[in-house]
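# Observations on the model geometry
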Amino acid sequence: MNKLLILVVEDDPAIRNLMATTLKSHNYRFVTAPTGASAIMQASTAQPDVMLLDLGLPDMDGVDIIRKIRTWSQMPIIVISARAEDTDKIDALDAGADDYLTKPFSVEELLARLRATQRRLQFMQTSTPSPIFSNGQLKIDYAAGCAWLGEQQLHLTPMEYKLLCVMAQNVGKVLTLSFITQKVWGSTTESDIASLRVFMATLRKKLSAGKEDTQYIQTHIGVGYRMLKVE
Ligand code: CA
């Protein structure tokens, strides 16, 4: 299998070396960048498939790097943050990052994120524009405006259906609470976020009604939700 080319952006040489060694030993191809400026340069010249981006760089704000790269590339960006504050991750996700890792992270966590990203890339590359979305047992017929779990049609309220569509259209990505409420309600007030939690709870209940105990929607406490790409 053609392994991904990964751009590792990290200013701390010890962490950069650890990541490089891990990627090498798992047959990933990679290039590294120690600064924001070199990250943007590598992103445009090396044409990586995935970017691992440390948010705390000496020369540039990580969020600005994401915004810049998103002007020409949709490659998955996994941000790495040492800061415990959720606001950094949320800003990065809202700027267009796909996923995040919090330092300190284990080698297994890093590899798991890369495998998930690879599944998502394959899904994006092989799926032609279609009115039918399919993920595991879940199917959405956008043209008909309804959803199934296996053979069973899901009885969703219009709001639950809209929410499911937003999650499906961004499968594999961590979506922030404000991104989702903006898409579903067109605003991001405290009460929209409270409503989102309620609608998400009922939607998840309906999605877990199948025979298999597949988890379709993952909660990121204080950050948001993600629809997992089920194998
Ligand atoms: Ca750093």
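Residues numbered from 1 in each chain as written. Predicted model: local features only at pLDDT ≥ 70, side-chain atom pairs only at ≥ 80, totals over all residues. Heavy atoms only, no water.

## Some words on the pairing of strand β8 (residues 146-149)
As defined by bridge partners, strand β7 (residues 138-141) adjoins β8 across four bridges and the pair is classed as antiparallel. Bridge pairing in β8 links Lys139 to Trp148. Connecting the antiparallel pair β7 and β8 is a turn made up of four residues, with Gly145 showing a positive phi of about 75°. Where β8 meets strand β9 (residues 152-153), two bridges bridge the pair, whose relative direction is antiparallel. Looking across to β9, one finds that Leu149 is bridged to Gln152. What sits between β8 and β9 in their antiparallel hairpin is a turn of two residues, with Gly150 showing a positive phi close to 65°. (Pairing = 2+ DSSP bridges. Helix = DSSP H or I, 4+ residues; strand = E, 2+ residues; numbered from the N terminus.)

## Remarks on the coordination of the calcium ion
Ideal values differ by geometry: the angle at a metal is 109.5 degrees with four tetrahedral donors, but 90 or 180 degrees with six octahedral donors. At 2.2 to 2.4 Å from the calcium ion lie its protein donor atoms, namely Asp11 (OD), Asp54 (OD) and Gly56 (O). Read N to C, the donor residues that coordinate the calcium ion are spaced as D-x42-D-x1-G. With Asp11 in the loop between β1 (5-9) and α1 (13-25) and Asp54 in strand β3 (residues 50-54), the pair connects residues that are 43 residues apart, well separated along the chain. Asp11 gets classed as partly exposed once you look at its relative accessible area, which sits at 30%. (Donors = N, O, S within 2.8 Å, 3.2 Å for Na, K, Ca; no water. Buried < 20%, exposed > 50% of the residue type's maximum accessible area, 1.4 Å probe, protein only.)

## Details of the sheet that holds β7
The strands making up a sheet associate through hydrogen bonds between their backbones, and the pairing can be parallel or antiparallel. A sheet is described by the order of its strands in space; here four strands give the open sequence β6-β7-β8-β9, paired in antiparallel fashion. Unpaired on one side and paired on the other, β6 (132-135) and β9 mark the two borders of the sheet. Sitting on the sheet, helix α6 (residues 158-169) touches β6, β7 and β8, and the angle it makes with β7 is about 110°. (Contact = heavy atoms within 4.5 Å. Axes fitted to C-alpha atoms, helices over the stretch in contact; angles between N-to-C directions.)

## Considerations on the packing of helix α7 (residues 177-185) against helix α8 (residues 190-207)
In contact at an axis separation of 10 Å, α7 and α8 are set at 90° when each is read in the N-to-C sense. The orientation of α7 with respect to α8, classified from their angle, is roughly perpendicular. The segment α7 lies against α8, with Leu177, Ile180, Thr181 and Trp185 engaging Asp192, Ile193, Ser195, Leu196, Arg197 and Phe199. Across the contact of α7 with α8, the residue classes tally to six nonpolar, two polar and two charged. (Parallel < 35°, antiparallel > 145°, perpendicular 65-115°, else oblique. Nonpolar A, V, L, I, M, F, W, Y, C, P; charged D, E, K, R; others polar.)

## Concerning the domain arrangement of the chain
By the assigned domains, the chain splits into domain 1 (5-126) and domain 2 (132-227). The C-alpha centroid of domain 2 is placed 26 Å from the C-alpha centroid of domain 1. On the side of domain 2, 14 residues touch domain 1, which itself brings eleven residues to the contact. With both sides pooled, the region where domain 1 packs onto domain 2 buries about 1,000 Å², and carbon together with sulfur makes up 54% of that total. Contact with domain 2 buries area across many residues of domain 1, yet Tyr100, Arg120 and Phe123 alone supply 37% of it, more than any other trio. At the junction of domain 1 and domain 2, the tally comes to one salt bridge. Note that Arg226 is salt-bridged to Asp99, the shortest N-O span being 3.1 Å. Linking domain 1 with domain 2 are six residue pairs in polar contact (both at pLDDT 80 or more). (Domains from an automatic or database assignment. Buried area = accessible area lost by both parts, 1.4 Å probe. Salt bridge = Lys/Arg side-chain N within 4 Å of Asp/Glu carboxyl O. Polar contact = N/O pair within 3.5 Å; in protein donor to acceptor, adjacent residues only side chain to side chain.)

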